[in-house]
Amino acid sequence: MTDPFFAALRARRPDVDIVILPPTDPPGLSSEATADELSRSSQAVDATVAAIAARMPEPTSDGPRWEAYNRENVRRWGRLEARTADGGAILASLDQAFRDARWHSTVAVRAFHRWTASQAEVQIVGTWSESHHGLVVTVTGRVLRPAADVAEALT
């Protein structure tokens, strides 16, 4: 795992087994999502990933892409990674920029730096470990149940 959170946890507690459980069903999924709803979700996540990438030093990316959430649902997902000694300052800068754009955004600093931000369509989690210099930011969209006529277009 390249996530700084797990690297820091593993370094501090080598006696602990880390187990990642599959996601539970999201509460209150609405009816089937139309092509327009899927397009809006895609645009929101893609724009957010691009805005964050512009503030990171030479990021590598995975996505954005559609990810199966469970048998019937999908969500837009993307991850950016970078090696940097300035990850704390980058996360603080992202936090301020997203607060200025009226997102709910916070940074917490403990064993590692953790930034979270959200609004109706998008959730963001960013972590940076000072000891590993690994900055990872994951952006996810709402969980949607695509209508049957648009589901095959997502693959």
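This text goes with the structure placed above it.
Rules behind the numbers
Residues numbered from 1 in each chain as written. Predicted model: local features only at pLDDT ≥ 70, side-chain atom pairs only at ≥ 80, totals over all residues. Heavy atoms only, no water. Helix = DSSP H or I, 4+ residues; strand = E, 2+ residues; numbered from the N terminus. Contact = heavy atoms within 4.5 Å. Salt bridge = Lys/Arg side-chain N within 4 Å of Asp/Glu carboxyl O.

**Concerning the environment of Leu 80**
(1) Moving on: Inspection of the secondary structure puts Leu 80 in strand β2 (residues 74-83).
(2) Moving on: Separated by 22 residues in sequence, Leu 80 and Glu 58 have C-alpha atoms that sit 9.7 Å apart.
(3) Moving on: Those residues within four positions of Leu 80 in sequence are excluded, and the remaining contacts are Val 49, Ile 52, Ala 53, Met 56, Pro 59, Thr 60, Ser 61, Leu 135, Val 136 and Val 137.

**Remarks on the pattern of salt bridges**
(1) Moving on: Scanning the model with the defined rule gives eight salt bridges in all.
(2) Moving on: Note that Arg 79 is salt-bridged to Glu 81, the shortest N-O span being 3.1 Å.
(3) Moving on: What emerges from the salt-bridge pattern is a single network uniting Asp 62, Arg 65, Arg 79 and Glu 81.

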